[in-house]
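Geometric and topological summary
Each chain is listed here by its residues.
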Amino acid sequence: MNLDQIRKLIRQWITPAPRGVRVGWSGGDGEWVAFIDIPAQAVDTLFVVPAPVGKPGSPRTDTVAVPMRDGDSTHWLPRTDIQQLLSAGVRASGMPTAQALTELVRQAVSEAGPDGGLRVGQGLPHREREMRAAYEQLAAEGLGQPAGEAWAQGAAALQDLHHERDGEPGWVLCLVAGRPPVAIAAPVWQAIVEAGRHAPGQDPLAAIGLPRPPEDTDTPWVIAASSRSVDVDGGSWGAGRLTCSGRGVWRWQPLPRFGINQGRSAENWTAGQTPALRLRAVVNLPWAETGTLEISKSRRTQLEQQLPHSAVAGAVTMLSRRRGADLPAARWERGPFGNSARSVGYSCTIAGPGGGPSLKASVMLALPTTMESTVVSCSDVLVENPQAWAAAVGPGWDTRLGFDEVQAVLLSTWETAAELLPDLVGDPAGLSWDAPPTTELRMTCEQPADNGVLPTLDSLVDLASLGTNDGGSRSRMAVTITAAPAMGRTERQSLLREALVDMAREFGYVDAEVDLL
């Protein structure tokens, strides 16, 4: 770097040349930083530079521009303002002295602001009156002048605003049809935009949506910079909530909702299997930037140590203990679906008296591939052979599951797939979403009778607590839960009951109620 050239550029581009400028190096031990030190200049000195036009590097001698600082950015005084300043200077003092021009520049900047006198709503003529009314309702909260023109986001109208006090974070004025207007502090607005940044092929706001007012709020409201939670909806991701951690990190999570649409991974890891009954939880984890994820040997070893004490192991053990037999799910083996640096599979088999499987538990996780962009985690409990299981627990016990047992098993498979298995990739809390995470809970009969027809669920599960079904029982039922994977056990249990009622109603049990489960 040529320091002498920097000195010449300063003298060439700034008129008058600032006094006392020092250009030099600072540092040591092989690390140096170039610096430009400009001491305070005379208060009555107005500095101008050539207008930023023409060929780069060739200043025009017949042009002039007035740069003004605004925080860490520079704006240029418009030509009309410069003309008015010159005319006012001549009228005020008879000649355009530097001191007179300096005072007039400062006055113009103070009155017009760095954005050339933008109006609230400017840029959206058909919404300008509406935005002006909203601004006036919220101005007392500290809203300053516009920082740019208004713009449309779908049916919403938005505009960046300064804060009325210098140095304070600005605002975004947001108007959504059918809702009261809201002023969002700039740091919170940035967090909203960043949360949707990873949505593939979408504008961040089109994915994550816009702030939703609290319940029963019908007047203009404010999201302050100190806010730690904000609800959003209206985007393709559906309703969600951004929360700020104690470390100041914002993260979006979906607000719970239910559906029956299954994902492409719903039947992964079922090839070659025909259990009498499968109770399954599949958790789809669409994390962003998964290219660096891997399953290390140390984490695999840790999982092997945890599985005998896991929630799903406890559920399998519970099924036999409730029938008077101590058949713990303690021995877990790799397979049957293979293991690699990008996949995990373990199973535990409870054998019948003849050595064949009676019950089985399985856990699987797969990182994204060229065919699947989502991390998929799964936990199964299989009733492989009800007769073998009955023989294993001893005479007099019914192997038909109560619906309370189904709830307990599904709760444990969900907890395992949502919390234990994702730890294989490190700390899931540090990963962002590029789509909403979902969990699919499934109950399926997969072992055909001799006539090739699949049995109905009520032959293996007591469904009486769901009420009657005019269409008759089915061989499978499923529900998809859109919700944050990690949650407390009490919250998960409550959400599970609500999801099972929603599932039952979708499949014809219209009288199902949470209180009856």
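Residues numbered from 1 in each chain as written. Predicted model: local features only at pLDDT ≥ 70, side-chain atom pairs only at ≥ 80, totals over all residues. Heavy atoms only, no water.

**Details of the overall build of the chain**
- Check the secondary structure of the chain and you find 11 helices and 22 strands.
- Residues classed as buried in the chain amount to 45% of the 517 residues present.
- Excluding contacts between residues fewer than 6 apart, the proportion of contacts in the chain whose partners are at least 24 apart in sequence is 60%. (Helix = DSSP H or I, 4+ residues; strand = E, 2+ residues; numbered from the N terminus. Buried < 20%, exposed > 50% of the residue type's maximum accessible area, 1.4 Å probe, protein only. Contact = heavy atoms within 4.5 Å.)

**Notes on the pattern of salt bridges**
- Tallied over the full model, the rule gives 26 salt bridges.
- Glu 372 is paired through a salt bridge with Arg 264; the nearest N and O atoms lie 3.5 Å apart. Within this pair, whereas Glu 372 is found in the loop between strand S19 (357-366) and strand S20 (375-383), its partner Arg 264 is found in the loop between strand S15 (257-259) and strand S16 (277-285), the two being separated by 108 residues in sequence.
- Look at Arg 264 and you get exposed, because its relative accessible area is 65%.
- For the salt bridge of Glu 513 with Arg 505, the shortest nitrogen-to-oxygen distance reads 3.3 Å.
- By relative accessible area, Glu 513 is classed as partly exposed at 40%.
- Through salt bridges with shared partners, a single network forms among Arg 179, Arg 212, Asp 231, Asp 233 and Arg 241. (Salt bridge = Lys/Arg side-chain N within 4 Å of Asp/Glu carboxyl O.)

**Things to note about the packing of aromatic side chains**
- Taken as a whole and assessed by the stated rule, the structure comprises 2 aromatic pairs.
- A ring pair is formed by Trp 287 and Trp 433, whose centres lie 6.0 Å apart and whose planes are at 15°; its orientation type is stacked. Taken together, the residues Trp 287 in the loop between S16 and helix H7 (297-306) and Trp 433 in the loop between helix H10 (403-420) and strand S21 (438-444) connect sequence positions 146 residues apart. Here the two residues Trp 287 and Trp 433 agree in accessibility, since each one is buried. (Phe/Tyr/Trp six-rings, centres within 6.5 Å; stacked < 30°, edge-to-face > 60°.)

**Examining the sheet that holds strand S12 (residues 229-233)**
- Reading across from one edge, S10-S12-S13-S14 is the order of the 4 strands in this open sheet, with antiparallel pairing throughout. Sheet topology places strand S10 (210-211) and strand S14 (250-254) at the edges, where each strand pairs with a single neighbour.
- Pairing geometry for S12 and strand S13 (residues 240-244), over 4 bridges, is antiparallel. Across the sheet, residue Val 232 finds its bridge partner in S13, namely Gly 240. (Pairing = 2+ DSSP bridges.)

**Focus: the pairing of strand S8 (residues 171-175)**
- S8 sits mainly inside the fold: 5 of its 5 residues count as buried.
- Burial of the side chains of S8 extends over both faces: Trp 171, Leu 173 and Leu 175 are buried on one face and Val 172 and Cys 174 on the other.
- Pairing analysis gives 5 bridges linking strand S7 (residues 156-163) to S8, with the strands arranged antiparallel. Within S8, the position partnered with Gln 159 by the bridge is Leu 173.
- What sits between S8 and strand S9 (residues 182-185) in their antiparallel hairpin is a turn of 6 residues, with Gly 178 showing a positive phi close to 85°.

**A word on the environment of Ser 310**
- Relative to the helices and strands, Ser 310 resides in the loop between H7 and helix H8 (311-321).
- Residue Ser 310 is classed as buried on the basis of its relative accessible area, which comes to 9%.
- Remark: the alpha-carbon pair of Ser 310 and Thr 413, spanning 103 residues in sequence, is separated by 9.5 Å.

**Re the environment of Glu 304**
- Position of Glu 304 among the secondary structure elements: in helix H7.
- Residue Glu 304 is classed as partly exposed on the basis of its relative accessible area, which comes to 29%.
- Separated by 28 residues in sequence, Glu 304 and Trp 332 have C-alpha atoms that sit 7.4 Å apart.
- Excluding anything up to four places from it in sequence, Glu 304 contacts Arg 334 and Tyr 346.
- Side-chain polar atoms of Glu 304 contact the side chain of Arg 334, separated by 2.9 Å. (Polar contact = N/O pair within 3.5 Å; in protein donor to acceptor, adjacent residues only side chain to side chain.)

**Focus: the packing of H8 against H10**
- In the contact formed by H8 and H10, the axes pass within 7 Å of each other and the chain directions differ by 160°. Between H8 and H10, the angle is such that the two are roughly antiparallel. Every pair of crossing elements has a handedness; the one defined by H8 and H10 is left-handed. Facing H8, whose interface residues are Ala 311, Val 312, Ala 315, Met 318 and Leu 319, H10 presents Glu 405, Ala 408, Val 409, Ser 412, Thr 413, Glu 415 and Thr 416. (Axes fitted to C-alpha atoms, helices over the stretch in contact; angles between N-to-C directions. Parallel < 35°, antiparallel > 145°, perpendicular 65-115°, else oblique. Left-handed = near helix turned anticlockwise from the far one by under 90°.)

**Focus: the sheet that holds S16**
- Pairing in this open sheet of 8 strands is antiparallel, and the strands run S15-S22-S21-S16-S20-S19-S18-S17 from one edge to the other. Where the open sheet ends on each side, the last strands, each with one partner, are S15 and strand S17 (333-334).
- In this structure, S19 lies alongside S20, joined through 8 bridges in antiparallel fashion. Across the sheet, Ala 366 pairs through a bridge with Val 376, a residue of S20.
- Running over the sheet, helix H11 (residues 489-506) touches S15, S21 and strand S22 (476-482) and is turned about 130° from S22.

**Looking at the nonpolar core**
- Residues Trp 414 and Met 443 are the most contacted members of the largest nonpolar core, which totals 111 residues.
- Ignoring sequence-local partners within four residues, the contact set of Met 443 consists of Arg 278, Leu 279, Phe 403, Val 406, Leu 410, Leu 457, Val 461, Leu 463, Ser 475, Arg 476, Met 477 and Met 503.
- Among the nonpolar cores identified, the runner-up in size contains 7 residues, and Val 48, Val 66, Met 68 and Ile 82 belong to it. (Core = buried A, V, L, I, M, F, W, Y, C linked by side-chain atoms within 4.5 Å.)

**Section: the side chain of Asn 284**
- Position of Asn 284 among the secondary structure elements: in strand S16.
- The exposure class of Asn 284 is buried, given its relative accessible area of 11%.
- A distance of 3.3 Å separates polar atoms of two side chains, one belonging to Asn 284 and the other to Glu 440.
- Ignoring anything within four residues of it in the chain, the contact list for Asn 284 reads Ser 265, Thr 374, Val 375, Val 376, Pro 437, Thr 438 and Glu 440.

None of this, on its own, says anything about what the molecule does.
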